[in-house]
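If you want the building blocks of each chain, they are given just below.
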Amino acid sequence: MLVFARVAQAGSFTKAAAQLGMPKSTVSRKVSDLEERLGSRLLQRTTRKLSLTDVGRTYYDYCARIVAEIEDAERAVSSLEDTPRGSLRVTAPANAAFLGSIVADYLRRYPEVRLELFCTARSVDLVEERFDLAIRAGALPDSTLVARSLGRVGWFLVATPAYLKRRGRPRLPEELKKHDCLVFGPGLDGAGLRLEKGDKTVRVAIAPRMTVSDNDVLQAVVTAGLGIGLLPVFQCVEDLRTHRLERVLRDWTAPSTPVHVVYPSTRHLSPKVKSFVDHLYERMTPPPWELGPVP
């Protein structure tokens, strides 16, 4: 069952054999013996692809849980697992540049961990794609994953001093309609900014000069002096401190974005996962961009 689970996860007899330290012929024979005992084909084999049959997928779901229990038991009693080590697969949002120093500190602290950090705008299925944990921004959907809050990311309206001198500084949210607005979003139609001031909330319908789905590009265009942009605090805090950018409508803020670390529910977290989760919590509460004064 362990061999079959490894083959299903790896999608290849060759890769599974390497992971298990067995000859490929042994791995293939064990899977064939299992299929013969069950009286069902578990894997569909072609010269180019290996895939689970319907029966195989059902059987794999049970095998994967049993293998996880075995691994949990070994971690619980093995003194070798006291130290974080091995491969750690993590997914995070795109535009998460603030993670750079946090990850660097983690790798220095735990030299036996090999980290694979996959940054993407899509929501990754941790179990299906075999990731250990995820850093996620925004509201979380209901799921069986365990979630731990890492705080919230704030957003600032910012522009260059040269742009504000040339076009004037808006005093009220409605005055943003007269400006070139640069926003993070999917398209130019129906764009709006939601801003808050104490208990008061307004939504300003704007016709943005540009929308873009990458905050790095947005920051570059804003710092080039082409308009007023809404940027996450971590993306613009250094530019504010060096006066390359200035805040606009300081009394108004956009809703902050919650950030969580999530991972599959297990009774015994491996040391590498637990150490990474604890490190994130230690470094991000309070967020690193709030450690100094923000103009």
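Everything here concerns the structure above.
In this text the structure is predicted, and so the values were computed from the model without any measurement.

Some words on the sheet that holds strand E14 (residues 257-263)
And then number 1: One open sheet accounts for five strands, arranged E4-E3-E5-E14-E6; its pairing is mixed. Edge strands, defined here as strands with exactly one partner in the open sheet, are strand E4 (113-119) and strand E6 (146-153). Recorded for the sheet is a direction-independent mean angle of 20 degrees between the axes of neighbouring strands.
And then number 2: Against the sheet, helix H9 (residues 271-284) touches strand E3 (86-92), E4, strand E5 (133-137), E6 and E14, its axis set at about 25 degrees to E6.

Comments concerning helix H7 (residues 215-223)
And then number 1: Within the sequence span of H7, burial applies to Asn215, Leu218, Gln219, Val221 and Val222. The buried residues of H7 occupy an angular sector of 165 degrees when the element is viewed end-on, so they sit on one face.
And then number 2: Packed against the buried residues of H7 are strand E7 (155-159), strand E8 (181-184), strand E11 (210-212), strand E12 (228-232) and helix H8 (233-241).
And then number 3: Residue aspartate 214 occupies the N-cap position of H7, its side-chain oxygen lying 2.8 Å from the main-chain nitrogen of aspartate 216.
And then number 4: Following H7 by one or two positions, glycine 225 adopts a phi angle in the positive range, close to 85 degrees.

Things to note about the nonpolar core
When a protein is soluble and globular, its nonpolar side chains tend to lie buried together.
And then number 1: One finds Leu99, Leu133, Ile135, Phe276, Leu280 and Met284 to be the most contacted residues of the largest nonpolar core, which totals 24 residues.
And then number 2: Those elements that provide at least two residues to this core are E3, helix H5 (99-109), E5, E6, E14 and H9.
And then number 3: The element contributing the most residues to this core is H9, with five residues.

Looking at the pattern of salt bridges
Two side chains of opposite charge can pair, provided their charged atoms sit close to one another.
And then number 1: Evaluated as defined, the whole model comprises 16 salt bridges.
And then number 2: Between aspartate 105 and arginine 108 there is a salt bridge; the shortest N-O distance is 2.5 Å. Here aspartate 105 and its partner arginine 108 are both found in helix H5, three residues apart, which amounts to about one turn of the helix.
And then number 3: Residue classification places aspartate 105 among the partly exposed positions, given a relative accessible area of 27%.
And then number 4: Taking the relative accessible area as the measure of exposure, arginine 108 reaches 61% and is therefore exposed.
And then number 5: Residue glutamate 196 is joined to arginine 194 by a salt bridge in which the shortest nitrogen-to-oxygen separation is 3.3 Å.
And then number 6: By relative accessible area, glutamate 196 is classed as partly exposed at 24%.
And then number 7: Residue classification places arginine 194 among the partly exposed residues on the basis of a relative accessible area of 43%.
And then number 8: Taken together, the salt bridges that share partners define one network made up of Asp105, Arg108 and Arg283.

So, how was this worked out
Counting from 1, residues in each chain are numbered in the order their sequence is written. Under the rules for a predicted model, residues below a pLDDT of 70 receive no local features and side-chain atom pairs below 80 are neither given nor counted, while totals for whole chains, interfaces and linings still include all residues. Water and hydrogen atoms were dropped before computing side-chain values, which therefore reflect all heavy atoms in the structure. Should DSSP find at least two bridges between two strands, the strands are taken to pair. Here a strand is any run of E in DSSP of at least two residues, a helix any run of H or I of at least four, and the numbering for each starts at the N terminus. Throughout, an axis means a line fitted to C-alpha atoms (over the contacting stretch in the case of helices), and angles, computed between N-to-C directions, take values from 0 to 180 degrees. Two residues qualify as a contact provided that any one of their heavy atoms is within 4.5 Å of a heavy atom in the partner residue. For every residue, the accessible area obtained with a 1.4 Å probe (protein chains only) is divided by the maximum for its type, and the residue is called buried under 20%, exposed over 50%, and partly exposed between those limits. It is the directions from the helix axis to the C-beta atoms whose arc is reported. Whenever two N or O atoms come within 3.5 Å, that pair is a polar contact, provided that in protein one can donate a hydrogen and the other can accept it, and provided that, for residues adjacent in sequence, both atoms are side-chain atoms. Throughout this description, the term nonpolar core refers to a set of buried Ala, Val, Leu, Ile, Met, Phe, Trp, Tyr and Cys residues connected via side-chain atoms within 4.5 Å. Salt bridges are defined as contacts in which a side-chain nitrogen from Lys or Arg sits within 4 Å of a carboxyl oxygen from Asp or Glu.

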